[in-house]
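Survey of secondary and tertiary structure
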Number of protein chains: 2
Amino acid sequence: MFQVFHNDPDTKARTGELTTPHGVIQTPIFMPVGTQATVKTLHPAEVEELGAQVILGNTYHLWLRPGHETIKELGGLHKFAGWDKPILTDSGGFQVWSLAKLRKISEEGVTFRNHLDGSKMMLSPEVSMEIQSALGSDIAMLYDECPPYPCDRKYAEESTDLTTRWAKRCKEWHMQNKPAAGGLDRAASEAQRQLQFGIVQGSVYADLRERSARALTDLDFDGYAVGGVSVGEPEVEMFRAIDNAVPFLPDNKPRYAMGLGTPPQILEMIGRGVDMFDCVHPTRCARHGQAFTLDGPINIKNGKFAKDPRTITEDCHPHLASFSRAYLRHLFKAGEILALRLLSFHNLHFYLNLTFNARKAIEEGRFTEYKNEFTERYNAKQHS
Amino acid sequence: MFQVFHNDPDTKARTGELTTPHGVIQTPIFMPVGTQATVKTLHPAEVEELGAQVILGNTYHLWLRPGHETIKELGGLHKFAGWDKPILTDSGGFQVWSLAKLRKISEEGVTFRNHLDGSKMMLSPEVSMEIQSALGSDIAMLYDECPPYPCDRKYAEESTDLTTRWAKRCKEWHMQNKPAAGGLDRAASEAQRQLQFGIVQGSVYADLRERSARALTDLDFDGYAVGGVSVGEPEVEMFRAIDNAVPFLPDNKPRYAMGLGTPPQILEMIGRGVDMFDCVHPTRCARHGQAFTLDGPINIKNGKFAKDPRTITEDCHPHLASFSRAYLRHLFKAGEILALRLLSFHNLHFYLNLTFNARKAIEEGRFTEYKNEFTERYNAKQHS
């Protein structure tokens, strides 16, 4: 169940609460990515300390290794990964598009060779639902076909309609099997029921986005994502994809922009009505030495930090308060794992704070002010 | 200052307390190794949570990167690494022997090309003392010449005498410069003074070990290490090196076996009168998937753990209590950093507990019983 609490008077930004079997998610929210049943480099207790309310798991990766049946035998993904709060799993559609080889799409599903050992596999709406049911996530994403960018109209139209037909099959599977969160066989009550989110496709075509959004809304899901973004499109197309979908999605359901984006982009999308975000950007950047600050990203490996006694930011989390930029740089240059841990922690703290602060600003009716101030300061040094 | 509290009636085992500028070290003690100013994979808060009372830093590595002067400018090694408790630094002698290239030994010191960029460097007793003073460790090790194993008598004798002459120069440097712990220029009081430990050499020759121990004792240091072990010698030679040195070292000073060993070896050496240990074994093994248990080491990557729902040990630390062996194996197979963190934490916990329990057993007059019970169980499965 999703409840909206505040609507920003100047934008489409809003605050809400989504109730899932493993707890309530307060939106807008950033969701750390735990692809292989771990948020890279971090202990789940640290992810909790950061205030994360929901993390992601990747169906494709966990299906391949260690296998959804193994995870189910061990009590489900929550127990396996030592994480008691909500988990959202994606459908595998995006990874089949981005990682798998020799992909062949049919009405039934997609056959491909996986990126680990090249063996032949088939992912269909029913298989994706079954895997996500075995993982026992709180929110399962519908299996969609993710078109590339750029994409001609004919391909986009056929792909969008295929995603809609697959959405119906996912819904049917859900009605028949009543998947539950947390490693149960079937949901015995509404409180245990795994939620199901549809994914709006349609590439850059406004009418297709509308058609997709309306068709999914008719099927009535627990939430709606905008997919087919983060596929190499320019920023303007990313925002357009959001704007072309949001007006046709119900106000009383959460909206989720998949796999996006930079801090200013996230605020921009909150203003355009998006409630939920996930992105590997903060943890991936961390592993390359990039740290987010209110004055834009810095790369801690830079020589100018070699003797810098300051902490990474003035108000950094206590977890990093005893470490100078010089020390962090040293750890990176020396190839020490603590470097990856500390920057991953810092960057997730930055992203989570971003959505926490956005939520507070919406509550206090000053979202546009917050967004503009943040963005101006964030971009100032990069443009100077 | 070192104070002995309990002497085991049946062995040379004893409990004691060594007071250093950054606090008291209760012996016997295992000291985690923080080569590059970090105990690999761990946050200093975790090292403290494990109950570590002192960690090691490596003079050679820190001299090369980021440089002792940089660390001094930033307030010394304690501040740099975010560690407030005692630190012991080695002299660099062992690394010059094991890592450096084109080594040339003279009376003055050793010239070599470093393993990072091949540039030519010279490490002498005075340079080693100066670096350790800049790092501001609580305990500085004397600069020694580490002979190889095996080693002929002539080389061993010349090397041992060279180490003794270098010990005198280290002592002189110490008297003149009064190095302090914690990044100060000079010790203004005895409480700030950096302690200095001699290193007994002599290879496998009993009379040389005796000669070395007596000469160092005459020079009067704050503690004494047994060096030239962990260089590829068989276990029997390792114990013999200890036995050949201990009788000629003063009872009122701590004794330290450098770079050793397996859990049963550590108990054996405690029984032979050793108080302090350091070893990369627990953290290095961890990075290869090996976990210590009371029933001997297991390799968590083994296929038999693929669906094992049990925690790594029955009484494992709360830090690992929510993770199954199956999960740990999955993390290793998937190349996830959390695997390295968790096993490093576990193995250090095991090693620290080993010396904590030994201390308790000595206090309670049942050390031999503890040692025998531990060793029998530890070896049982490996020999069965």
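Residues numbered from 1 in each chain as written. Chains lettered and ligands numbered in written order. Predicted model: local features only at pLDDT ≥ 70, side-chain atom pairs only at ≥ 80, totals over all residues. Heavy atoms only, no water.

In this section: the overall build of chain A. Regarding its fold elements, chain A presents 14 helices and 16 strands. The C-alpha radius of gyration computed for chain A amounts to 21 Å, which stays within 12% of the reference 21 Å derived for 384 residues, consistent with globular compactness. The dimensions of chain A, computed from C-alpha atoms along their principal axes, are 60 × 45 × 40 Å. Expressed as a percentage of its 384 residues, the buried residues of chain A come to 60%. Across chain A, the fraction of contacts at a sequence separation of at least 24, relative to all contacts at a separation of at least 6, is 66%. Summing over all exposed atoms, chain A offers an accessible surface of approximately 14700 Å²; the carbon and sulfur share of this is 49%. Put simply, chain A has 44 plus and 48 minus side-chain charges, and the middle of one group is 5 Å from the middle of the other. (Helix = DSSP H or I, 4+ residues; strand = E, 2+ residues; numbered from the N terminus. Rg over C-alpha atoms; globule rule 2.2 N^0.38 Å. Buried < 20%, exposed > 50% of the residue type's maximum accessible area, 1.4 Å probe, protein only. Contact = heavy atoms within 4.5 Å. Areas by Shrake-Rupley, 256 points an atom, 1.4 Å probe, with all protein chains shown as cover. Lys, Arg positive; Asp, Glu negative; His and termini not counted. Charge placed at Lys NZ, Arg CZ, Asp CG, Glu CD.)

Moving on to the packing of helix α12 (residues 325-333) of chain B against helix α13 (residues 337-363) of chain B. Each pair of packed helices can be described by the angle between their axes along with the distance between the axes. All names here are of chain B. Here α12 crosses α13 at 130°, and the two axes come no closer than 7 Å. When the axis of α12 is compared with that of α13, the two are oblique. The crossing of α12 and α13 is left-handed. Contacts from Y327, L328, L331 and F332 of α12 reach α13 at L338, A339, L340, L342 and L343. Broken down by class, the residue content of the contact of α12 with α13 amounts to 9 nonpolar, no polar and no charged. (Axes fitted to C-alpha atoms, helices over the stretch in contact; angles between N-to-C directions. Parallel < 35°, antiparallel > 145°, perpendicular 65-115°, else oblique. Left-handed = near helix turned anticlockwise from the far one by under 90°. Nonpolar A, V, L, I, M, F, W, Y, C, P; charged D, E, K, R; others polar.)

We now examine the relation of the copies chain A and chain B. Under the fitted operation, chain A is carried onto chain B by 0.0 Å of movement along the axis and a turn of 180°, and the coordinates agree to an RMSD of 0.0 Å. Such a combination of rotation and displacement between the chain copies is what one expects of a two-fold axis. For chain A, the residue whose C-alpha comes nearest the rotation axis is I337 of chain A, separated from it by 3.9 Å. Mapped onto chain B, 100% of the interface residues of chain A again fall at the interface, so both copies present the same surface. (Least-squares fit on C-alpha atoms with pLDDT ≥ 70 in both.)

This paragraph deals with the sheet that holds strand β8 (residues 110-113) of chain B. Residue and element names in this part refer to chain B. The strand order across the open sheet formed by 3 strands is β7-β8-β9, and the pairing between neighbours is antiparallel. A single partner strand is all that each edge strand has here, and the edge strands are β7 (101-105) and β9 (120-123). In this sheet, adjacent strand axes meet at a mean angle of 20° when their direction is disregarded. (Pairing = 2+ DSSP bridges.)

With 25 residues, helix α7 (residues 153-177) of chain B ought to run about 36 Å at 1.5 Å a step, and its terminal C-alpha atoms sit 36 Å apart, in line with that. Among the residues of α7 of chain B, the N-terminal cap falls to D152 of chain B, whose side-chain oxygen and the backbone nitrogen of K154 of chain B are separated by 3.2 Å. (Expected span 1.5 Å × (residues − 1). Polar contact = N/O pair within 3.5 Å; in protein donor to acceptor, adjacent residues only side chain to side chain.)

Turning to the sheet that holds strand β9 (residues 120-123) of chain A, a few remarks are in order. All names here are of chain A. Strand order across the open sheet formed by 3 strands is β7-β8-β9, with antiparallel pairing between neighbours. Every other strand in the sheet has two partners, leaving β7 (101-105) and β9 as the edge strands with one partner each. The mean inter-strand angle of the sheet, taken between neighbouring strand axes irrespective of direction, is 20°. For strand β8 (residues 110-113) and β9, the ladder comprises 4 bridges, and the chain directions are antiparallel.

Turning our eyes to something else, we now look at the confidence of the model for chain A. When pLDDT is averaged along chain A, the result is 96; 99% of the residues meet or exceed 70. Quick note on the complex model: pTM equals 0.97, ipTM equals 0.97. (pLDDT = per-residue confidence, 0-100.)

Of the residues lining the interface, 38 residues belong to chain A; the matching set on chain B comes to 38 residues. Taking both partners together, chain A and chain B bury about 3100 Å²; carbon and sulfur atoms supply 58% of that area. At the surface where chain A touches chain B, the tally comes to 6 salt bridges. In this structure, E46 of chain B and R341 of chain A form a salt bridge, with 2.9 Å as the shortest nitrogen-oxygen distance. Our enumeration of links across chain A and chain B arrives at 20 residue pairs in polar contact (both at pLDDT 80 or more). Of all elements in the fold, only α1 (44-49), α3 (68-73), α4 (77-81), α12 (325-333) and α13 (337-363) of chain A reach the threshold of two or more residues within the side of chain A that touches chain B. Residue classes in the side of chain A that touches chain B are distributed as 19 nonpolar, 9 polar and 10 charged. (Buried area = accessible area lost by both parts, 1.4 Å probe. Salt bridge = Lys/Arg side-chain N within 4 Å of Asp/Glu carboxyl O.)

Residue and element names in this part refer to chain A. When strand β1 (residues 2-7) meets strand β2 (residues 14-20), the two strands line up antiparallel, connected through 5 bridges. Opposite H6, over in β2, you have T15 as the bridge partner. Connecting β1 to the next strand, β2, in antiparallel fashion are 6 residues.

Further remarks concern the pairing of β8 of chain B. Remember that side chains alternate between the two faces of the sheet whenever the strand is regular. All names here are of chain B. Burial along β8 is one-sided: V110 and F112 are buried, and none of T111 and R113, which face the opposite way, are. Relative to β8, β7 runs antiparallel, the two sharing 3 bridges. Within the sheet, the bridge partner assigned to K101 lies in β8 and is R113. Between the end of β7 and the start of β8, which pair antiparallel, lie 4 residues. Taking the residues that link successive antiparallel strands as the turn, the β8-β9 hairpin has 6 residues, and the phi of G118 there is positive, at about 75°.

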